[in-house]
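Summary of the model geometry
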Amino acid sequence: MTDTLLPAAPQPLEKEGDGYFRKGCNPLAQTGRSKLQNQRAALNQQILKAVRMRTGAENLLKVATNPKVREQVRLELSFLNSDLQMLKEDLEGLNISVGVYQSTEETFTIPLIPLGLKETKDVDFSVVLKDFILEHYSEDGCLYEDEIADLMDLRQACRTPNRDEGGVELLMSYFLQLGFVESRFFPPTRQMGILFTWYDSLTGVPVSQQNLLLEKASILFNIGALYTQIGTRCNRQMPAGLESAVDAFQRAAGVLNYLKETFTHTPSYDMSPAMLSVLVKMMLAQAQECVFEKICLPELRNEFFMLVKVAQEAAKVGEVYQQLHAAMSQEPVKVNIPYSWASLACVKAHHYGALAHYFVAILLIDHQLKPGADEDHQEKCLSQLYDHMPEGLTPLATLKNPHQRQLLGKSHLRRAVAHHEESLREVSLCKKLRHIELLQEVLSAAHQRSWLKHKQHQEDDDLLNLIDAPNIISKTEQEVEIILPQFSKVTAKDFFRKLGPLCVFSANKRWTPPRSIHFTAEGDFGFTLKGNSPVQVHLLDPHCAAALAGAKEGDYIVAIQNVDCKWLTLSEVMKLLKSFGQDDIEMKIVSLLDSTSSMHNKCATYSVGMQKTYSMICLAVDDDDKTEKTKKISKKLSFLSWGTNKNRQKSASTLCLPSVGVARPQIKKKLPSALGILSSDSSLY
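No experiment lies behind these values; they were computed from the predicted model shown.

Another point: the overall build of the chain. Across its full length, the chain holds 21 helices and 14 strands. For the chain, the proportion of its 685 residues judged to be buried stands at 52%. A fraction of 77% describes how many contacts in the chain between residues 6 or more apart in sequence connect residues 24 or more apart.

Dropping the structure here:
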């Protein structure tokens, strides 16, 4: 979708019988979500072009000595950075386009935030995989054209998954298929020459790698993003819909957390550990918000214990959003997280904090302790509602004294009104949130309700009897937690199963080309068999016919009389051998070689606008080969940080990965020239 928006995507191959694998949705369908993805793809291309131009201008500034030329380049850089800032704001606008992903049912609730899918470029596996099959497996690669086409069609379908469980299953099946492909075709000793490119969902910057780790990590991110879109689509007016939303957001948090723990050095802002930690918090906060809505969904009973429960649930939601906003305000996440997301987290923290104080005010003002009421239970609930009682007040005395109840209730109403006013102020400060009409309506209605209640009980002497409303202790009956991805429930067939069992026929093992031997069994074969798929020659008599024909102990039997034996069991191979009796037997065997060889200890990662760096996804760089002169601590720069002369001299680009904790030593590299960057395809990524 990123490469072109007009031609239709190739359709997956159809197999007879049941569906071979599910297709993705039509990328050209004029739905709201497809339009957003098309806009995201177009923005990615514009950001790519602007970053390339800025990188070239920065390199030109480094080598230019003419003062007029330098001044002209500085002016051009200021325009380019302004252009990039505008493009980033446009991308942020897509990320906060929450209305498209919400349920189509009429609802009066605050919108939830979904994640957009990462975009990618087309990848052609055919030439590389055919060559590798011929070279490594000694088989004709043309015999596997259908399997390679299936793999490419599956990848293409994963670029436009349906927004349902079928779409999630599609992405998971491709993720599992990548495990088979990695074992079959990606040896640890070399790069295969296939460049995988994925665009950052938050900044639009493309990142490329020549191994499958970026591909697998990006698919995991899209699985989590798809779960968020499923969660926001659920009907939040029905209990079943809210339960589905809670489950979807918990699963999204589980996938993103699994991504953070499994792929710890992904060279992309949106998949950095710090950013993923914040996204996990955001998914859990939205799940907790749905739990609160599920409790309030039935007609809320104006009853003491019910109001205590709802108040503490609202306080819990406000607390998790307050923690989320604090996490979004920390470096390095603060620079690249959409400002509208952080603003919405702050808005929700104040809104649900206000609701908690409003419900406590209602239970204090509208309810009186009547004869026969359970005083002990109400006293216990009130004492557990606060972290501390106001000075001079006790729970039981407050319950029995109507005047004290009124004063304490009005203090909660004042705090509720203050929180509502702060949430409305935060919305007014964010341009993107001001355009979400439903958000404004919900916040205004809640503020109006609290203000009218306070005005109804306002008295002239209130200023003489002010009480500070204590904080409400948060509590929930359903603590949300991450749900780890359940890949075992998805069945994925190895497309290249014909190559043989993975335990032997994989990319990290080497063996001799298949050799044919001819022998005749005289009485017995002169050897026994061991193992199971594939079967090995065992206890070979050095004077038997098979040994004299070239068989060796430990050889794997791959074919007998043109019958493929790689997947046959020991009993099946023995039965096949005995079926020939005294006839001449042609058997193809291979010998396993020593696979020990020098391995690459680093993997090239290319990102537009960045210097060529080495990702630590594969293996760490050997520090013993570095001298002290080549080691230096480099300060990490934000996505659009450019300005100081110091930063201009340090790097050919202002794009750097966000850091978490202590900065790592990096190798100082010679910067490529501007012409070299613009003329070489490999340098562009």
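Right, picking up where we left off after that structure.
To continue, consider the pattern of salt bridges. Inspection of the entire model under this criterion finds 21 salt bridges. When the shortest N-O distance is used, the salt bridge between R190 and E135 registers 3.3 Å. Placement of R190 in the loop between α5 (165-185) and β1 (196-199) and of E135 in helix α3 (residues 126-136) is noted, with a sequence separation of 55 residues between them. Between E319 and K316 there is a salt bridge, and its shortest N-O distance comes to 3.8 Å. Highlighted residues: E319 and K316, both in helix α9 (residues 304-328), separated by 3 residues, approximately one helical turn. Of the residues examined, E319 reaches a relative accessible area of 30% and is grouped as partly exposed. Accessibility expressed as a relative area gives 12% for K316, which makes it buried. Among the charged side chains, a network of salt bridges with common partners joins E139, D564 and K566.

The subject of this paragraph is the side chain of D494. Tracing the backbone through its elements, the reader meets D494 in the loop between α16 (437-456) and β3 (510-511). Taking relative accessible area as the criterion, D494 reaches 9% and is therefore assigned buried. Among the polar contacts made by the side chain of D494, one reaches the main-chain amide nitrogen of F496 at a distance of 3.1 Å. When near neighbours in sequence (up to four residues on either side) are disregarded, D494 contacts Q177, F180 and R184.

Attention now moves to the packing of aromatic side chains. Within this structure, the stated rule accounts for 17 aromatic pairs. On the numbers, 5.8 Å between centres and 55° between planes, the contact of Y258 with F487 is tilted. Here Y258, found in helix α7 (residues 239-262), pairs with F487, found in the loop between α16 and β3; they are 229 residues apart in sequence, far enough to count as distant. Looking at Y258, the relative accessible area reads 27%, which means it is partly exposed. Taken together, the ring pairs connect F132, Y137, Y144, F185, F496, F505 and W511 into an aromatic cluster. Over the face of the ring belonging to F175 we find K216, whose NZ or CZ atom lies 5.9 Å from the ring centre. Taking the ring centre of W567 as reference, the NZ or CZ of R497 above it sits at 3.8 Å.

For an α-helix, 3.6 residues make a turn, and residues three or four places apart therefore share a direction. Between the first and last C-alpha of helix α11 (residues 339-365) there are 39 Å, a value that for 27 residues agrees with the 39 Å anticipated at 1.5 Å per step. Within α11, 26 of the 27 residues are buried, which leaves it mostly tucked inside the rest of the structure.

To continue, consider the state of the cysteines. Inspection of every chain in the model, using the stated rule, returns 0 disulfides. The cysteine C234 is free of any disulfide, with C290 supplying the nearest cysteine sulfur at 7.9 Å.

Our focus in this paragraph is the environment of T203. Mapped onto the secondary structure, T203 falls in the loop between β1 and β2 (206-209). Classification of T203 by relative accessible area gives buried; the value is 0%. C-alpha of T203 to C-alpha of I47: the two residues are 156 residues apart in sequence and 8.4 Å apart in space.

Further remarks concern the environment of L214. Take L214: it is sitting in helix α6 (residues 212-233). In sequence terms L214 and H265 are 51 residues apart; their C-alpha atoms lie 9.8 Å from each other. Filtering out sequence-adjacent residues up to four positions away, L214 remains in contact with F196, W198, V207, S208, Q209 and M271.

A few words now on the environment of A349. With respect to the secondary-structure elements, A349 resides in helix α11. Judged by its relative accessible area of 16%, A349 falls in the buried class. Along the chain, A349 and E319 lie 30 residues apart, while their C-alpha atoms are 6.6 Å from each other. Among all residues touching A349, those that are not within four sequence positions of it are G318, Y321 and Q322.

This next bit is on unusual backbone geometry. Cis geometry marks the peptide bond from E331 to P332, where omega comes out at 0°. Locating P332 in the fold gives a position in the loop between α9 and α10 (333-336). If you check the backbone angles, L539 has positive phi at about 50° while not being a glycine. Inspection of the secondary structure assignment puts L539 in the loop between β6 (536-538) and α17 (545-549).

Let us now look at helix α18 (residues 570-578). Here α18 has its buried residues at V573, M574, L576 and L577. The arc that holds every buried residue of α18, seen down its axis, measures 160°, which confines them to one face. Those residues of α18 that are exposed and angled more than 90 degrees off the buried face are S571, K575 and K578. The elements touched by buried residues of α18 are β5 (528-530), β7 (556-560), β8 (563-564) and β9 (584-590).

Turning our eyes to something else, we now look at the packing of α11 against α16. Where α11 meets α16, the closest approach of the two axes is 11 Å, and the angle between their N-to-C directions is 30°. Viewed along their axes, α11 and α16 adopt a mutual orientation that is roughly parallel. Crossing hand, α11 versus α16: left-handed. Taken together, the residues of α16 that come into contact with α11 (itself represented by L344, V347, H351, L355, Y358 and I362) are L439, V442, L443, A446, R449, S450 and K453. Along the lines of polarity and charge, the residues of the contact of α11 with α16 split into 9 nonpolar, 2 polar and 2 charged.

Moving on: the packing of α5 against α6. Running from N to C, α5 and α6 cross one another at 170°; their axes reach a closest spacing of 10 Å. With respect to α6, the element α5 is oriented roughly antiparallel. Judged by the sense of rotation from one axis to the other, the crossing of α5 with α6 is left-handed. For the pair α5 and α6, the contacting residues are E165, G167, V168, L171, M172, Y174, F175, L178, V181 and E182 in the first and L212, L213, E215, K216, I219, L220, N222, I223, L226, Y227 and I230 in the second.

For the rest of this paragraph, the subject is the pairing of β7. With respect to burial, β7 is a largely interior element, 5 of its 5 residues being buried. As defined by bridge partners, β7 adjoins β9 across 4 bridges and the pair is classed as antiparallel. The residue of β9 that forms the bridge with A559 is K588. Connecting β7 to the next strand, β8, in antiparallel fashion are 2 residues, including Q561 with a positive phi near 50°.

Procedures and definitions
- Residues numbered from 1 in each chain as written.
- Predicted model: local features only at pLDDT ≥ 70, side-chain atom pairs only at ≥ 80, totals over all residues.
- Heavy atoms only, no water.
- Helix = DSSP H or I, 4+ residues; strand = E, 2+ residues; numbered from the N terminus.
- Buried < 20%, exposed > 50% of the residue type's maximum accessible area, 1.4 Å probe, protein only.
- Contact = heavy atoms within 4.5 Å.
- Salt bridge = Lys/Arg side-chain N within 4 Å of Asp/Glu carboxyl O.
- Polar contact = N/O pair within 3.5 Å; in protein donor to acceptor, adjacent residues only side chain to side chain.
- Phe/Tyr/Trp six-rings, centres within 6.5 Å; stacked < 30°, edge-to-face > 60°.
- Lys NZ or Arg CZ within 6 Å of the ring centre and 35° of its normal.
- Expected span 1.5 Å × (residues − 1).
- Disulfide = S-S within 2.5 Å.
- Arc of directions from axis to C-beta.
- Axes fitted to C-alpha atoms, helices over the stretch in contact; angles between N-to-C directions.
- Parallel < 35°, antiparallel > 145°, perpendicular 65-115°, else oblique.
- Left-handed = near helix turned anticlockwise from the far one by under 90°.
- Nonpolar A, V, L, I, M, F, W, Y, C, P; charged D, E, K, R; others polar.
- Pairing = 2+ DSSP bridges.

Fair warning: the whole summary comes from geometry, so function is off the table for now.
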